[in-house]
Amino acid sequence: MSQNLSSEELDVDHDAEFPNVIEALHTRRSGHNFDPEAELDEETLEELIRDAAIAPSSYNLQPWEFVSVQDEERLDEIVEIAYGQEHIRDAGTAILVVGHTNAKTADSVFDEWVEAGRLDEETAAETKAQTVGMYDDERMGRDYAIRNASLAAENLMLSAHARELTATPMIGFDQERITEFLDLPDDVIPVMLLAVGPSGGEEPERLPRRSVDEILHKESY
Ligand SMILES: Cc1cc2nc3c(=O)[nH]c(=O)nc-3n(C[C@H](O)[C@H](O)[C@H](O)COP(=O)(O)O)c2cc1C
């Protein structure tokens, strides 16, 4: 974690021209219509990852990583692993968002809490031990990976949308095969596969959403 970015480094001047968050939420789509000729450049790919990485996470542990695939033959293999979802090839970039099933960033992150004066050393040590212990449980470890990395995936999708790219989230893939194909270590699980690239035009109209009345429960379920 030696190359961490400070708040100032995370700010970039041109962010100001991007649409506001509410508009972005309402216009983001999971597209299937990508421009197969257009490519995602290296700088944009890195900006997407930078924006994903400012998502909130439990104790700021940032238990996520990203595996990008742009090589054509490897993309073909990803299409197969994703049960033939051809739009991944047209997108030109597949990004697998993966999550840690244990708190392996805890040492450096809890040091940062102490260095920033946000936790004293004793509290940091206690909290770290509790946190690390909690994710020894297999189910908790999976929950931890999925909850945190899903938020990073949503950040990435919104950043892509703001940059006039489409980013489609997918869980329609063979988890074991993608784990093997992308060489994921034992303590990391695939959370969300994203097909990312410039749009090839209009998407079908958005499907309706359940009403607020139906999904909002006040005081208890
Ligand atoms: C957890 C999850 C899994 C999804 N899996 C797939 C998938 O495998 N393939 C796909 O094309 N879209 C997939 N989607 C996209 C959904 O179909 C899409 O979000 C939904 O239809 C609403 O459309 P919208 O995102 O354009 O508003 C997935 C979305 C989520 C959140």
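Preceding block: the structure.
Residues numbered from 1 in each chain as written. Predicted model: local features only at pLDDT ≥ 70, side-chain atom pairs only at ≥ 80, totals over all residues. Heavy atoms only, no water.

> Honestly, the packing of aromatic side chains in this entry has me stumped. Any pointers?
Two descriptors summarise a pair of aromatic rings, namely the distance from one centre to the other and the angle between the planes of the rings. Here the structure, examined in full by the defined rule, presents 3 aromatic pairs. Centroid distance Tyr-135 to Tyr-144: 3.8 Å. Interplanar angle 25°. Geometry classified as stacked. Three or more aromatic residues joined by ring pairs make a cluster, and in this case those are Tyr-59, Phe-110 and Trp-113. (Phe/Tyr/Trp six-rings, centres within 6.5 Å; stacked < 30°, edge-to-face > 60°.)

> What is the right way to look at the packing of helix α3 (residues 42–52) against helix α8 (residues 138–162) in this model?
When two helices pack together, their arrangement is captured by the angle between the axes and the distance separating the axes. One way to put it is that α3 packs onto α8 with a least axis distance of 8 Å and a crossing angle of 135°. Relative to α8, the element α3 is oriented oblique. Considering only the axes of α3 and α8, their crossing is right-handed. Where α3 abuts α8, its residues Glu-47, Leu-48, Ile-49, Asp-51 and Ala-52 lie against Ala-152, Asn-155, Leu-156, Ser-159 and Ala-160. Here the contact of α3 with α8 is composed, by residue class, of 6 nonpolar, 2 polar and 2 charged. (Axes fitted to C-alpha atoms, helices over the stretch in contact; angles between N-to-C directions. Helix = DSSP H or I, 4+ residues; strand = E, 2+ residues; numbered from the N terminus. Parallel < 35°, antiparallel > 145°, perpendicular 65-115°, else oblique. Left-handed = near helix turned anticlockwise from the far one by under 90°. Contact = heavy atoms within 4.5 Å. Nonpolar A, V, L, I, M, F, W, Y, C, P; charged D, E, K, R; others polar.)

> It is not clear to me how the site of the ligand should be interpreted in this structure. Could you clarify?
The ligand sits among Arg-28, Arg-29, Ser-30, His-32, Gln-85, His-87, Pro-169, Met-170, Ile-171, Gly-172, Arg-206 and Arg-209. Interatomic distance of 2.6 Å between a side-chain N/O atom of Ser-30 and an oxygen atom of the ligand. In this structure, an oxygen atom belonging to the ligand sits 2.6 Å away from a side-chain N or O atom of His-32. Taken by itself the ligand offers 620 Å² of open surface, and the protein chains cover 66% of this. Taken together, the residues of the shell around the ligand break down into 3 nonpolar, 5 polar and 4 charged. (Near = heavy atom within 4 Å. Polar contact = N/O pair within 3.5 Å; in protein donor to acceptor, adjacent residues only side chain to side chain. Areas by Shrake-Rupley, 256 points an atom, 1.4 Å probe, with all protein chains shown as cover.)

> Mind showing me how you'd approach the sheet that holds strand β1 (residues 64–69) here?
Reading across the sheet, the 4 strands line up as β1-β2-β4-β3 and stay open at both edges, with antiparallel pairing between neighbours. The sheet is open, and its two edges are formed by β1 and β3 (165–170), each paired on a single side. Within this sheet the neighbouring strands show an average axis-to-axis angle of 25°, counted without direction. Strand direction decides the pairing type here: strand β2 (residues 93–100) and strand β4 (residues 188–198), joined by 8 bridges, are antiparallel. Bridge assignment links Ala-94 to a residue of β4, and that residue is Ala-195. Seen against the sheet, α3 touches β1, β2, β3 and β4 and runs at an angle of roughly 160° to β1. Strand contacts of α8: β1, β2, β3 and β4, with the helix running at about 10° to β4, the strand carrying the most contacts. (Pairing = 2+ DSSP bridges.)

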